[in-house]
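Each chain is listed here by its residues.
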Amino acid sequence: MDEWMPSSADAEAQARAGRLWSDASRNAVNRLVRCLFAERLLEPDALLWARDGNQAWLPLWQSRRVLHFTDLRRAPAGTLQNRGSVEILDEIGARYRIGGPSDLIRQVAPALAISPASDGVEHLIRDVEDSMRNDILARRHREHWSAELRGKVAEAGVQGFLAYLEKSLPPHLAAMTLDQWGALEGHPFYPTWKAKPDLSPEDVAALSPEFGARVRVRIAALRKEWSYVEKMPHVGSYSEWFSQNFPELWRDWAEGLHKRGKSREDWLPLPVHSWHLDNFLRREFASEISSGVFDPDGPEAMTLPSMSFRTMLPDTEEPRPFIKLPVAIWMTSEQRTLQAKSIHMGPRLSTLISDILSKERDLSERLEIFTEDLGAILHHPVTGDEHPGRFLSVVYRNCDALARNDGLLPVTVAALLTANPIDGRPLICELIARSGDESEAAVSAFFRVYVGTVIRPTLAMYLLYGIAFEAHQQNSTILFDETGRPRKLLIRDFGDGRSFAPLFKERGYHLKPFTRTGILPTTFDDNISLVRSFVIDACFVCHLHEVALCLDQHYPLSGTSLWRILREEAEAVFDALRPRMLSDAFWQEERKAFLEKPWPSRSVLRMHLERYRDYRVEHELPNPLAGAE
Ligand SMILES: Nc1ncnc2c1ncn2[C@@H]1O[C@H](COP(=O)(O)OP(=O)(O)O)[C@@H](O)[C@H]1O
Ligand SMILES: [Mg+2]
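*Asks:* Would you mind going over helix α9 (residues 274-284) with me for this structure?
*Replies:* Because an α-helix packs 3.6 residues into every turn, residues spaced three or four apart end up facing the same way. For α9, the set of buried residues is S274, W275, H276, L277, F280 and L281. As for α9, its buried residues are in contact with α6 (201-207), β8 (215-223), β10 (267-273), α10 (286-290) and β11 (294-295).

*Asks:* How do you make sense of the site of ligand 1 when you look at a structure like this?
*Replies:* The environment of ligand 1 is made up of 16 residues, and the closest members are T311, K324, T332, Q474 and D493. Between S308 and ligand 1, the recorded distance is 3.1 Å, taken from a side-chain N or O atom to an oxygen atom. Here an oxygen atom of ligand 1 sits 2.7 Å away from a polar atom, N or O, in the side chain of D493. Considered on its own, ligand 1 offers 580 Å² of accessible surface; in the complex 91% of this is hidden by protein. Of the residues that constitute the shell around ligand 1, the class distribution is 2 nonpolar, 9 polar and 5 charged.

*Asks:* Looking at this structure, how should I read empty space enclosed by the protein?
*Replies:* Taken as a whole and assessed by the stated rule, the structure comprises 3 cavities of 30 Å³ or more. The calculated volume of the largest cavity comes to roughly 110 Å³. Around the largest cavity, the lining comprises 15 residues; the ones closest to its centre are R34, A38, F189, H619 and L621. When contributions to the lining of the largest cavity are tallied by element, the ones reaching two or more residues are α1 (8-38), β5 (79-82), α17 (529-554), β26 (599-602) and β27 (618-621). Per element, the largest residue contribution to the lining of the largest cavity is 3 residues, and it comes from α1. Tallied by class, the residues present in the lining of the largest cavity amount to 7 nonpolar, 5 polar and 3 charged. In this model, the second largest cavity occupies a volume close to 70 Å³. Every residue along the wall of the second largest cavity is listed here: A175, M176, D179, F322, F370, L402, P410, V411, T412, T477 and R492. In terms of residue class, the lining of the second largest cavity is built from 7 nonpolar, 2 polar and 2 charged.

*Asks:* What exactly am I supposed to notice about the coordination of the magnesium ion (ligand 2) here?
*Replies:* Put simply, a metal with four donors set out as a tetrahedron has ideal angles of 109.5 degrees, and one with six donors set out as an octahedron has ideal angles of 90 or 180 degrees. Taken together, Q474 (OE1), N475 (OD1) and D493 (OD) make up the protein donors of the magnesium ion (ligand 2), found 2.2 to 2.4 Å from the metal. Sequence spacing among the residues donating to the magnesium ion (ligand 2) works out to Q-N-x17-D. Take Q474 and N475: they sit in the same class, and that class is buried.

*Asks:* Looking at this structure, I do not really get the sheet that holds strand β7 (residues 95-97). What am I missing?
*Replies:* Whenever strands of a sheet pair, they do so through backbone hydrogen bonds, lying parallel or antiparallel. Taken together, the 5 strands give an open sheet; going across it, the order is β1-β2-β3-β6-β7, and neighbouring strands pair in antiparallel fashion. On the outer flanks of this sheet lie β1 (48-49) and β7, each paired with one strand and no other. In this sheet, strand β2 (residues 56-60) lies alongside β1 in antiparallel orientation, the contact comprising 2 bridges. Bridge pairing in β2 links L48 to W57.

*Asks:* I'm lost on the environment of L268 in this one. Help?
*Replies:* Inspection of the secondary structure assignment puts L268 in strand β10. C-alpha separation for the pair L268 and A75, spaced 193 residues apart in sequence, amounts to 53 Å. The residues touching L268, leaving out its near neighbours within four places in the chain, are A220, A221, L222, K224, S227, V229, Y238, S239 and W253.

The rules behind these values
- Residues numbered from 1 in each chain as written.
- Chains lettered and ligands numbered in written order.
- Predicted model: local features only at pLDDT ≥ 70, side-chain atom pairs only at ≥ 80, totals over all residues.
- Heavy atoms only, no water.
- Buried < 20%, exposed > 50% of the residue type's maximum accessible area, 1.4 Å probe, protein only.
- Helix = DSSP H or I, 4+ residues; strand = E, 2+ residues; numbered from the N terminus.
- Contact = heavy atoms within 4.5 Å.
- Near = heavy atom within 4 Å.
- Polar contact = N/O pair within 3.5 Å; in protein donor to acceptor, adjacent residues only side chain to side chain.
- Areas by Shrake-Rupley, 256 points an atom, 1.4 Å probe, with all protein chains shown as cover.
- Nonpolar A, V, L, I, M, F, W, Y, C, P; charged D, E, K, R; others polar.
- 1 Å grid on protein atoms, 1.4 Å probe; cavity = no way out; pocket = protein on both sides within 12 Å on 5 of 7 lines; lining within 4 Å.
- Points joined across faces, edges and corners; volume = space filled by probe spheres on them.
- Donors = N, O, S within 2.8 Å, 3.2 Å for Na, K, Ca; no water.
- Pairing = 2+ DSSP bridges.

Next comes the structure, spelled out in structure tokens:
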């Protein structure tokens, strides 16, 4: 072969790299376009549409230019889906194609309806470019992982990816493999969906769930009198619970302390993420280490990072609790610390919800939760300060719900919308196909059951008890039976959960709120609207709306409106709960808020541009259920 000719393998690799880059760039542009119009940073009503409906122009008067979208689709909830290219026409008629997200951001920056922070635009560009880099890495990895899985599924001679996982792994590890698989796409529309600007590409691949990572967790030690522990009532002491749930680690940890001349009576085992230990704690907590408050030595456990990156499941044949940890890494929209509020409120809300479920038979047949059994945080023995503890804390999450013996398969919702390694369709299609029928009627029937599975328990908890689940794609898991039918909802993540006290108090329940200056409250007494918008944004906008869009895209549903089905199911839940509501006026008002009025949603792009000076900015989306036919 001529040496100076590029080999066909090189050419192929180059073509693949080019394709991955342009896919990531398109992904970023599409997310930006959706958010710019949804949040009205650009005015959707100022778009001029072509007669055929899919081309649109937006004049940018300030710069005397026009944005031209060659293929822009209008979906319910005012969602604009960019499917083509975006061009700029200037004042002398020249036209050029937007080359990528940074180009688009610079072009629209002068026309935005808000004033970004002084470095807001540059930060956005940096985080979007970082997301693209990580998106490319993840999809390159995914090509290999998919090929490997296709081989294994064929070898096992089973019908489909899900069946293969169920057959080859214990239930909790099958569920976790799906959770990691589903981490590929990230949040459905965040423009900085994969941003981890503090991490090198090597670390991103070594630590992130979408790479099937295995990560070491160090069982370090924290002086008992420097800790605050919060636990559910069934938990005895922290050490007792730890020794029962992680017997081998406990033994090695206690032996290690003993060898270092320390008494285990004075210390608590404190798990620490290995990246966080090496890249943050050793430097920033050097004085706690040297003064004997925190001992960074100890045994290690191999874990699987779940979709959230920092909640870790021990990689053991026997299921062990999840370990949720702080990591001083900026991801998507914030530094992923684990603050005092989460430590205090996770176990308290888990207790409240468990108490309610023990008395609500119907609800408990539809809903399970990952209880947050206990948590611990660095706590100053004199001042009581827990602020530095946001970097030195832990919450343990019971994983019994994954260790099933009823044949139900837990699938994290984001995984349902992620491509199947076998045929590239979203995994949800494999579940629908299990019934042997993928007709329009079957898909509609599936969606109806799916919606009911999600909203019955979510709305019951909210309307009857004022407890809001953040039921988005990463916090919600659906339990499916062997025919692919959704059976139950499984919810996680209560540390930031919002609640409205008058409702659960009226029904005889209590929750000790967490109040501290500088920390936004999550238990509300006067106004339910922030509790409601938490439910609407997470469960309806980020979750059900996305499932509907996905099914609409993958099945020819000419005679069916999924939005009508969503509306009918929501109406049915409201009707069923009506007799149990505290007042009919409240029922009317809530029904209107979910079914008629605009839906509040978090302004993720605006908050990024404003550098998160306010974490609670919302905008309104047209309600897709209002008049859904
Ligand atoms: N589909 C998704 N929707 C929302 N967040 C997602 C999604 N996929 C991944 N994530 C990531 O999950 C993280 C949030 O997890 P977090 O709530 O802190 O942990 P946990 O749910 O385990 O308590 C964020 O980094 C976010 O980017
Ligand atoms: Mg979460």
